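# Structural characterization, general
These are the residues of each chain, in order.
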Amino acid sequence: MKRVAILGATGSIGVQALEVCAASPELQVVALATGRDRDGLAAAAAAHGVARTCVAADDGPDAVVRLVRECGADVVLNGIVGAAGLDASLAALESGADLALANKESLVAGGPLVLAALQRSGRRLLPVDSEHSALMQCLAGESPDALVSVVLTASGGPFRGRTAAELEHVTARDALAHPTWSMGAKISVDSATLMNKGLEVIEAHFLFGLPYDRIEVVVHPQSIVHGLARLRDGALIAHLGHPDMRVPISYALTYPERAATPARQLDLTQLGTLSFEPPDTATFRCLALARAAGEVGGTAPCILNAANEEAVAAFLAGRVRFLDIAALVTDALDAVPVAVVDDIEVVRAADAAARTAVGVRIGAVA
Ligand code: NDP
Ligand code: MG
C-alpha cells in the first residue's frame, strides 16, 4: 500500500489522480491540498475519506508545505498550477517522499534547486507530464550513451496553421478550446501559444540531463504518440496511447509497478492517419523564447515562466490580447537581469521582478 498526497486536488490533474487512486487498492490518499476552492476540497475529502487537508488561501502560504511535511506520504503528486508549486516540490523531496510531478513550473523556475533536493533525498522524481512520462518509459533500460535525442510531441493547440494576422483577435474562449486534451485554463492557453511545449523542453532538460540541442519538438495533431527516444543505432522508440492523463498519473503513482487504469486501450486499426510536422516558431514565438531562456540558464527560465503566468492571467481576464503574451514575456526577459540559481531567495526575487515588469507593461498596453 502506498500513501499518496495530492496537491491541487480540485484541478484537472488532481481530480484525475483521485480517480486513479479510487480505482487502485494499492493507493491510499492521505492528504489533499488546494488553492482556494474550500467546498471542492471538502467534497473530495469526504468522497475519498481523507482526514488531512488544507486550503492555501485560508490556512496561510506555508500551509501546503506543512501538510506535505506532516502527512507521511510515500509519494506526493504535485498538481498545483504555476511557480506557486515550487515550495511544495522541494518540501516533498525534503520530507523523504517520491515526487510525482505534474507542476512543470517547479522545474522551470527552480530546476537546479529541485535536482539538488532530489539528490539529497535519494528519492525518485517521477514525471506526470505525458510527454516526459512517455520518454521515461522509452528510455527504461537504455544506456545514456545510446541516446541521441528525445522528441516531445505537441498537438499544436487550437490555433495550429494560423498566421499571426489571424491570431490578432482570438479570445480566451477560442484559446481554451483545446482539440485533444481537457486541462486547466492556464495550461490550455500555454498549449495555444506553444509556451507549454517550451516549458516542457526546459522540463526535459532537467529531468533527463540533456543539452537543449538534444531535445526536439514535433507537432503531432492527433496526440497519440506522446514521446520518442532517438537511439544511436537508428531506432526511434515511441510511446502511444489515447490522450488520457490517468495513464501517466498511474505510472508515476504505482512505479515501478503498473496498475490497471480506467483508460481505454488503443485500437490501431481505428486510428486513421498519424501526422507529424515541424512547429511554426515564427508565429508561435513562445516556444523559441523558452528554448532560448533555457539555453541562457540561471534565472532566465524563472523570469520567462513568471512573466508568462502574469501575461496569461491578463489574457484570460481580457486585459491583453493573445499576441501580447509573447511580447510581454520578451520584455520581461529584457528587463530583468539573470542570476545564478543557488538559493530559493534568488528564484523568489527573479519571479517577483518578472511579475512586476509585466504589471508595468500591462499598465501601459491596457
Ligand atoms: P488546474 O487549474 O485545473 O488546477 C490547479 C490546481 O492547483 C487547483 O486545485 C488549484 O486549487 C490548485 N492551486 C493553485 N494555487 C495553489 C496554491 N498556491 N497552493 C495549493 N494549490 C493551489 O490546473 P491543471 O490540473 O490543468 O494543471 C496543474 C499542473 O499540472 C500545471 O502545472 C500543469 O502545467 C500541469 N499539467 C497539467 C496537465 C493537464 O492535463 N491538466 C497535463 C500536464 C501537466 P483551486 O481550485 O482551489 O484554485
Ligand atoms: Mg505535456
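Residues numbered from 1 in each chain as written. Chains lettered and ligands numbered in written order. Predicted model: local features only at pLDDT ≥ 70, side-chain atom pairs only at ≥ 80, totals over all residues. Heavy atoms only, no water.

Our next topic: the overall build of the chain. Of the regular secondary structure elements, the chain holds 16 helices and ten strands. On C-alpha atoms alone, the chain measures out to a radius of gyration of 20 Å, which is about the 21 Å that the 2.2 N^0.38 rule sets for 366 residues. Referenced to the eigenvectors of the C-alpha coordinate spread, the extents of the chain come out at roughly 55 × 50 × 40 Å. Out of the 366 residues in the chain, the part that is buried amounts to 53%. Expressed as a percentage of contacts within the chain between residues at least 6 apart in sequence, the contacts between residues at least 24 apart total 68%. Looking at the chain as shown, the accessible area adds up to about 15400 Å², and 52% of this sits on carbon and sulfur atoms. With 29 positive and 41 negative side-chain charges, the chain shows a spacing of 2 Å between the two charge centroids. (Helix = DSSP H or I, 4+ residues; strand = E, 2+ residues; numbered from the N terminus. Rg over C-alpha atoms; globule rule 2.2 N^0.38 Å. Buried < 20%, exposed > 50% of the residue type's maximum accessible area, 1.4 Å probe, protein only. Contact = heavy atoms within 4.5 Å. Areas by Shrake-Rupley, 256 points an atom, 1.4 Å probe, with all protein chains shown as cover. Lys, Arg positive; Asp, Glu negative; His and termini not counted. Charge placed at Lys NZ, Arg CZ, Asp CG, Glu CD.)

Attention now goes to the site of ligand 1. Around ligand 1, 25 residues are found, and the nearest of them are Thr10, Thr34, Arg36, Asp37 and Glu105. Note that an oxygen atom of ligand 1 is positioned 2.7 Å from one of the side-chain N or O atoms of Thr10. Between Ile80 and ligand 1, the recorded distance is 3.5 Å, taken from a backbone N or O atom to an oxygen atom. The protein chains hide 84% of the 900 Å² of surface that ligand 1 would expose on its own. For the shell around ligand 1, the elements supplying multiple residues, two or more each, are helix 1 (12-23) and helix 6 (104-121). The class makeup of the residues in the shell around ligand 1 is eleven nonpolar, nine polar and five charged. When residues of the shell around ligand 1 are sorted by domain, at least three fall in each of domain 1 (2-127) and domain 2 (154-215 + 280-365). (Near = heavy atom within 4 Å. Polar contact = N/O pair within 3.5 Å; in protein donor to acceptor, adjacent residues only side chain to side chain. Nonpolar A, V, L, I, M, F, W, Y, C, P; charged D, E, K, R; others polar. Domains from an automatic or database assignment.)

A separate point is the domain arrangement of the chain. Per the domain assignment, the segments making up the chain are domain 1 (2-127) and domain 2 (154-215 + 280-365). One C-alpha centre belongs to domain 1, the other to domain 2, and the line joining them spans 24 Å. In this assembly, domain 1 packs against domain 2 so that about 1700 Å² is buried in total across both faces, 70% of it on carbon and sulfur atoms. Taken as a group, Lys104, Val108 and Leu113 account for 35% of the area that domain 1 buries against domain 2, more than any other trio of residues on that side. Taken together, the links from domain 1 to domain 2 amount to three salt bridges. Applying the counting criterion to the domain 1 and domain 2 interface returns five residue pairs in polar contact (both at pLDDT 80 or more). The greatest single-element share of the side of domain 1 that touches domain 2, amounting to nine residues, is contributed by helix 6. Tallied by class, the residues present in the side of domain 1 that touches domain 2 amount to twelve nonpolar, three polar and three charged. (Buried area = accessible area lost by both parts, 1.4 Å probe. Salt bridge = Lys/Arg side-chain N within 4 Å of Asp/Glu carboxyl O.)

All right, on to the coordination of the magnesium ion (ligand 2) then. The coordination sphere of the magnesium ion (ligand 2) contains the protein donors Asp129 (OD), Glu131 (OE) and Glu200 (OE), at a distance range of 2.0 to 2.2 Å. Read from N- to C-terminus, the donor residues coordinating the magnesium ion (ligand 2) fall into the pattern D-x1-E-x68-E. Within this pair, whereas Glu131 is found in helix 7 (residues 130-139), its partner Glu200 is found in helix 11 (residues 195-208), the two being separated by 69 residues in sequence. Of the residues examined, Glu131 reaches a relative accessible area of 7% and is grouped as buried. Residue classification places Glu200 among the buried residues on the basis of a relative accessible area of 1%. (Donors = N, O, S within 2.8 Å, 3.2 Å for Na, K, Ca; no water.)

With that settled, consider the sheet that holds strand 5 (residues 98-101). Strand order in the open sheet formed by six strands is 3-2-1-4-5-6, with parallel pairing between adjacent strands. Edge positions in the sheet fall to strand 3 (52-55) and strand 6 (125-127), since each has one partner strand and no second. On average, each strand axis in the sheet is inclined to that of its neighbour by 20°, with strand direction left out of account. Together, strand 1 (2-7), strand 2 (27-34), strand 3 and strand 4 (75-78) form the strand contacts of helix 4 (residues 63-70), whose direction differs from that of strand 3 by roughly 165°. The strands touched by helix 5 (residues 86-94) within the sheet are strand 1, strand 4 and strand 5, with strand 5 carrying the most contacts at an inclination of about 150°. (Pairing = 2+ DSSP bridges. Axes fitted to C-alpha atoms, helices over the stretch in contact; angles between N-to-C directions.)

As enumerated under the stated definition, the model contains zero disulfides in all. Unpaired in this structure, Cys71 has its nearest cysteine sulfur neighbour in Cys54, at a distance of 9.8 Å. (Disulfide = S-S within 2.5 Å.)

Time to look at the pattern of salt bridges. It is possible for side chains of opposite charge to pair when their charged atoms get near one another. Applying the stated rule across the entire model yields 20 salt bridges. The partner of Glu105 in a salt bridge is Lys186, and the shortest N-O contact between them spans 2.8 Å. Here Lys186 lies in helix 10 (residues 185-193) and Glu105 lies in helix 6, a separation of 81 residues in the sequence. Through salt bridges with shared partners, one network takes in Lys104, Asp129, Glu131, Lys197 and Glu200.

This part is about helix 2 (residues 38-48). For helix 2, the full list of buried residues reads Leu41, Ala44 and Ala45. End-on view of helix 2: buried residues confined to an arc of 100°, all on one side of the axis. Helix 2 presents Asp39, Ala46 and Ala47 as exposed residues on the side facing more than 90 degrees away from its buried surface. On its buried side, helix 2 packs onto helix 1, strand 2 and strand 3. Looking one or two residues past helix 2, Gly49 carries a phi angle of roughly 65°, positive in sign. (Arc of directions from axis to C-beta.)

Within the structure shown, the criterion is met by three aromatic pairs. Consider the rings of Phe159 and Phe322, whose centres lie 5.1 Å apart with planes at 85°: the pair is edge-to-face. Pair noted here: Phe159 is in the loop between strand 7 (147-154) and helix 8 (164-167) and Phe322 is in the loop between helix 14 (300-316) and helix 15 (324-335), with a separation of 163 residues, a long-range link. For the residue pair Phe159 and Phe322, the accessibility class agrees, reading buried in each case. Relative to Tyr255, the ring of Tyr251 lies with its centre 5.6 Å away and its plane at 70°, an arrangement referred to as edge-to-face. Connected via pairs of aromatic rings, a cluster forms that spans Phe159, Phe315 and Phe322. (Phe/Tyr/Trp six-rings, centres within 6.5 Å; stacked < 30°, edge-to-face > 60°.)

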